[in-house]
Structure formats: structure tokens, C-alpha cells
Amino acid sequence: EDPSLERHFKGHRDAVTSVDFSLNKKQLASGSMDSCLMIWSMKPQMRAYRFAGHRDAVMCVQFSPSGHLVASGSRDKTVRLWIPSLKGESTVFKAHTATVRSVNFSSDGQSIVTASDDKTVKVWTVHRQKFLFSLSQHINWVRCARFSPDGRLIVSSSDDKTVKLWDKTSRECIHSFCEHAGFVNHVDFHPSGTCIAAAGTDNTVKLWDIRMNRLLQHYQGNSVVNSLSFHPSGNYLVTASNDSTLKILDLLEGRLLYTLHGHQGPATCVAFSRSGELFASGGSDEQVMVWKTNFDADYGDALKTQKSGSTVDGSHHTGPSEMDSGIHHKKTKTQDSGRNHEQQEVEASLANTLEHIMGQLDVLTQTVSILEQRLTLTEDKLKECLENQQKIIQNKTN
């Protein structure tokens with residue numbers, strides 16, 4: 001079955017710049033040039049939330065891994081962390097000295113990496129938004145920065161036509177990929193963490209193996225590629241282009257699978273849901289679209305078996321991408337079939353509980369942070385009142 005349009009969200013008043021699904025697929029966040037962040041509910045008849053707070057265009061949005069927070073970066077040089085509920089409260093911090101193009105949570109939800117037109121990439125703690133360090137070797141605007149799945153590396157892409165790979169611990173640039181002929185709009189890690197994909201204004205999508213630092217695949221389009229997203233199985237990649245199309249690439253076969261027409265005007269952003277059943281796209285036509293993936297009905301099972309520690313019995317491809325890059329599955333028998341089912345269930349429910357606790361902690365941290373901001377404001381007001389009183393008293397005694 002071909003991918004199909006599932007939902008259609010209208011509400012932004014300017015170009016959509018960024019889309020992201022929450023963990024449970026119940027919510028979708030989008031950012032726009034209209035300075036607003038929207039949270040859409042995937043349940044029919046549920047109203048959308050519009051969050052105002054940024055003073056200029058919202059360039060990027062992302063849910064935290066637990067789904068209890070949303071980060072947004074803006075042309076107003078700030079990053080905001082929102083609680084995606086009715087109140088829409090947020091904490092704000094000045095992240096850069098120019099437009100913030102990209103925000104990304106680490107997979108443990110503890111840190112955020114931001115990228116900006118001030119040519120730097122910065123890392124912050126989510127808790128209290130403490131600045132940790134800056135990476136500054138790009139010589140032009142940085143469009144995008146992402147943590148690797150294991151959190152040890154950071155990849156960034158820039159208008160200086162390079163993609164840079166950084167070691168988070170040593171804060172050194174490990175490698176610069178210089179094969180792009182234009183600005184590099186977007187970059188991300190393959191779910192396996194062994195390769196990266198980058199999209200550029202030279203109409204290409206390129207995949208590199210980051211262990212050997214060599215080009216694995218190269219897709220030549222006929223229009224600027226603005227955004228890309230890996231399917232969680234790692235076998236597919238979806239892209240959004242200026243020619244208004246979304247394209248789905250089959251990474252195992254190394255070929256274009258589908259071209260989807262939906263947007264009028266440039267497709268600006270695209271993202272798979274965490275499970276891969278859906279993907280969302282945004283465009284300069286102010287619209288957000290949600291698509292049903294459909295193209296690989298059995299990947300759900302594949303993902304489940306991967307998670308329970310066994311390997312998928314996938315057919316062994318000896319195509320152009322047979323390069324041990326984590327893009328395909330080797331044929332191996334499952335070792336752990338002996339493990340009893342109950343143990344797995346207990347582990348799963350424990351993992352769920354832990355995730356829930358982490359999420360609640362996120363919200364608590366955020367609430368404390370909001371309260372701290374309010375206290376500071378109250379203290380300032382109080383100080384002002386006292387100073388005014390002093391002046392009045394002085395005036396009277398004079």
C-alpha cells in the first residue's frame with residue numbers, strides 16, 4: 001500500500017518550519033514563521049493549542065523523549081521549554097546571539113543541543129537550562145545539530161557547506177564532511193548511530209558511514225532538500241523539498257520509493273513518529289499534514305523483535321548499500337527464545353513505570369523553574385515598591 005494522507009491541520013498564519021510527534025503519537029507539535037507553536041491532538045474533535053511567547057518566527061520544535069516537554073527555538077534568539085498542556089507555560093532562556101535554527105534533546109532527556117546563525121552549536125542541561133559548552137568551528141550559519149542515539153556524538157550542518165561530527169566528551173571536531181556543493185539544511189543520525197544523512201541546497205541527500213567516514217549513498221534530486229527523517233527501522237528515509245514534494249527513499253535498495261504531492265509550495269519539514277507508523281510534514285503553504293506510512297506493514301513486528309533483544313530475519317541484500325552500516329539486518333537465529341515471557345513483561349512494565357517517573361520529573365523541574373522565574377519577578381516588584389516608598393518618604397521629609 002502507498003503512503004496516504006491521514007489528517008490535515010490548518011491554523012498557522014505563516015509558513016510552517018518544523019514538526020515533531022510526541023512519544024505516544026497522541027500529539028504533534030509544529031512551529032511557524034507566525035511566531036507560534038501549535039500542539040495538535042491526533043484524536044478527532046480535540047482542539048489544538050496555540051502557544052504564543054516567542055517574539056519572532058519559531059524555527060524549530062521538538063518533544064522531549066518522555067513527551068512531557070516541548071522545546072522551541074526562535075529568530076528572537078531564545079529557546080523556550082513548554083509544558084504541552086492547556087496552560088502552555090514555558091521557561092525561556094537566551095540561547096544565542098542570533099536566530100536559533102535547531103533544538104534537539106539527548107535520548108536520555110537530560111541535555112539539549114542548539115544551533116544558530118551566530119555560527120555556534122551549544123549544549124545545555126534541561127534542568128534549569130544551564131549552559132554547558134559551545135562548539136565553534138563552523139564559519140557560517142549552523143542550520144541543524146543532533147545528538148547521536150547513544151549521546152556520545154553531535155553532528156551539525158552549516159551554510160559553510162560542511163557537516164561536522166563532534167565528540168561530546170572531548171568537545172573536539174572528529175571529522176568534517178565537505179562533499180556538499182551548497183548549504184547543508186538538515187542532518188541526522190541513523191537509528192543505529194553508525195551513519196548520518198544530510199540534505200542540502202545542492203538538491204542532494206548524502207549518507208555517510210561515520211566509522212570509516214566514507215560516503216555510502218548519494219541521492220540526486222532536482223530541487224533543494226529542506227529536511228529529512230529516518231524511519232525507526234532505519235530502512236527508509238523521508239525528505240521534504242522545495243518542489244513541494246515529499247520523497248521516501250528505500251535505503252536497503254538505494255532507490256526512490258515514493259514521491260508524494262500534498263503541499264502547495266515548498267515542503268519545509270518532515271518527521272516520522274517514534275513508532276514509524278505515521279509521518280508529518282509542514283510547508284510554506286501554512287499547512288501541517290499527517291501521513292500514514294503503509295509501505296511496510298511488517299516493520300512493527302521487526303521493531304518489536306529488535307527491542308526484545310533478538311534480530312530480525314530479514315532477507316540479506318547484496319545491493320549498493322551492503323556496507324555493514326546498520327541499514328540492513330543480518331540473518332541470525334534468535335538466541336533469547338528461551339527467556340521466559342513473564343520476565344520480558346515485567347521488564348517492559350518496569351521500563352514503562354520508569355519512563356513515566358522521568359516524565360513527571362521533567363514536569364516538576366519545569367514547574368519549579370517557572371515558579372523561580374515568578375519569584376524573581378515578585379522580588380523585583382517588591383524592590384521597586386520599597387524604593388518608591390523611600391523616595392516618597394524622602395520627598396515628604398524634605
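What counts as what
Residues numbered from 1 in each chain as written. Predicted model: local features only at pLDDT ≥ 70, side-chain atom pairs only at ≥ 80, totals over all residues. Heavy atoms only, no water. UniProt positions renumbered as here; feature names shortened; annotations may be inferred. Helix = DSSP H or I, 4+ residues; strand = E, 2+ residues; numbered from the N terminus. Buried < 20%, exposed > 50% of the residue type's maximum accessible area, 1.4 Å probe, protein only. Areas by Shrake-Rupley, 256 points an atom, 1.4 Å probe, with all protein chains shown as cover. Pairing = 2+ DSSP bridges. Axes fitted to C-alpha atoms, helices over the stretch in contact; angles between N-to-C directions. Polar contact = N/O pair within 3.5 Å; in protein donor to acceptor, adjacent residues only side chain to side chain. Salt bridge = Lys/Arg side-chain N within 4 Å of Asp/Glu carboxyl O. Expected span 1.5 Å × (residues − 1). Contact = heavy atoms within 4.5 Å. Phe/Tyr/Trp six-rings, centres within 6.5 Å; stacked < 30°, edge-to-face > 60°.

As annotated in an unreviewed UniProt entry, the protein carries the name POC1 centriolar protein homolog A and comes from Tachuris rubrigastra. Quoted verbatim from the Sequence similarities (unreviewed entry) field of the UniProt record, the comment on the protein reads "Belongs to the WD repeat POC1 family." You can read under Function (unreviewed entry) in the UniProt record for the protein the words "May play an important role in centriole assembly and/or stability and ciliogenesis."

Colleague: Honestly, the overall build of the protein in this entry has me stumped. Any pointers?
Modeller: Along its length, the protein carries 2 helices and 28 strands. Every one of the 398 residues in the protein was classed for burial, and the buried ones make up 53%. Put simply, the protein shows about 18,800 Å² of open surface, and 52% of that area lies on carbon and sulfur atoms.

Colleague: How should the sheet that holds strand S17 (residues 173–177) be read in this particular structure?
Modeller: Within a sheet, adjacent strands bond to each other through the backbone by hydrogen bonds, running parallel or antiparallel. Spatially, S14-S15-S16-S17 is the arrangement adopted by the 4 strands of the open sheet, whose pairing is antiparallel. With one partner strand each, in any of the chains shown, strand S14 (142–147) and S17 form the two edges of the open sheet. On average, each strand axis in the sheet is inclined to that of its neighbour by 15 degrees, with strand direction left out of account. Direction of pairing for strand S16 (residues 163–167) relative to S17: antiparallel, over a ladder of 4 bridges. Across the sheet, the residue bridging to Lys164 is Ser176, located in S17.

Colleague: Hey, could you run me through the side chain of Ser90 in this one?
Modeller: For Ser90, the position within the fold is in strand S9 (residues 90–94). Judged by relative accessible area, Ser90 falls into the buried class, the value being 14%. Of the polar contacts made by the side chain of Ser90, one reaches the side chain of Arg80; its length is 2.9 Å.

Colleague: Which parts of the structure should I look at to understand the UniProt feature "repeat: WD" (unreviewed entry) in the protein?
Modeller: The UniProt record annotates "repeat: WD" (unreviewed entry) at residues 9–50, 51–82, 93–134, 135–176, 177–218, 225–259 and 260–292. Between the first and last C-alpha atoms of residues 51–82 the distance is 9 Å; the span itself is 0% helix and 56% strand. Spanning residues 260–292, this segment combines 0% helix with 61% strand, and its end C-alpha atoms are found 12 Å apart.

Colleague: Is there a simple way to think about the pairing of S14 in this case?
Modeller: Remember that side chains alternate between the two faces of the sheet whenever the strand is regular. The buried fraction of S14 is high, at 5 of 6 residues. With 5 bridges joining them, S14 and strand S15 (residues 153–158) adopt antiparallel strand pairing. When the bridges of S15 are listed, Val142 appears paired with Ser158. Where S14 folds back on S15, the antiparallel hairpin that results is connected by 5 residues, among which Gly151 adopts a positive phi of roughly 75 degrees.

Colleague: Please clarify how the pairing of strand S22 (residues 225–230) should be interpreted in this entry.
Modeller: Burial of S22 is extensive: 6 of the 6 residues sit out of reach of the surface. Pairing of S22 with strand S23 (residues 236–241) involves 5 bridges; the strand directions are antiparallel. Across the sheet, residue Ser227 finds its bridge partner in S23, namely Ala240.

Colleague: Even after reading the chapter, I still don't get the pattern of salt bridges, so can you show me in this structure?
Modeller: Per the counting criterion, the structure on display carries 10 salt bridges. With a closest N to O distance of 3.9 Å, Glu6 and Lys292 form a salt bridge. Residue Glu6 is located in strand S1 (residues 4–10), and its partner Lys292 is located in strand S28 (residues 287–292); the two are separated by 286 residues in the primary sequence. Arg143 is the partner of Asp159 in a salt bridge, and the nearest nitrogen-oxygen pair spans 2.9 Å. On the criterion of sequence distance, the pair formed by Asp159 in the loop between S15 and S16 and Arg143 in strand S14 is long-range, its members being 16 residues apart.

Colleague: Sorry if this is basic, but what is going on with helix H2 (residues 341–397) here?
Modeller: Owing to its 3.6 residues per turn, the α-helix aligns residues three or four sequence positions apart on the same side. Its 57 residues place the ends of H2 84 Å apart at the C-alpha level, agreeing with the 84 Å of an ideal helix rising 1.5 Å per residue. Every buried residue of H2 is accounted for by Gly359, Asp362, Thr365, Gln366, Ser369 and Ile370. Residues of H2 that are buried make contact with strand S8 (78–82) and S9.

Colleague: Hey, could you run me through the packing of aromatic side chains in this one?
Modeller: This structure, assessed with the given rule, holds 8 aromatic pairs. Ring centres of Phe279 and Trp291 lie 6.0 Å apart, and the angle between their planes is 5 degrees; on these two criteria the pair is classed as stacked. Placement of the pair is Phe279 in strand S27 (residues 278–283) and Trp291 in strand S28, with a sequence separation of 12 residues. The class for Trp291 is buried, based on a relative accessible area of 4%.

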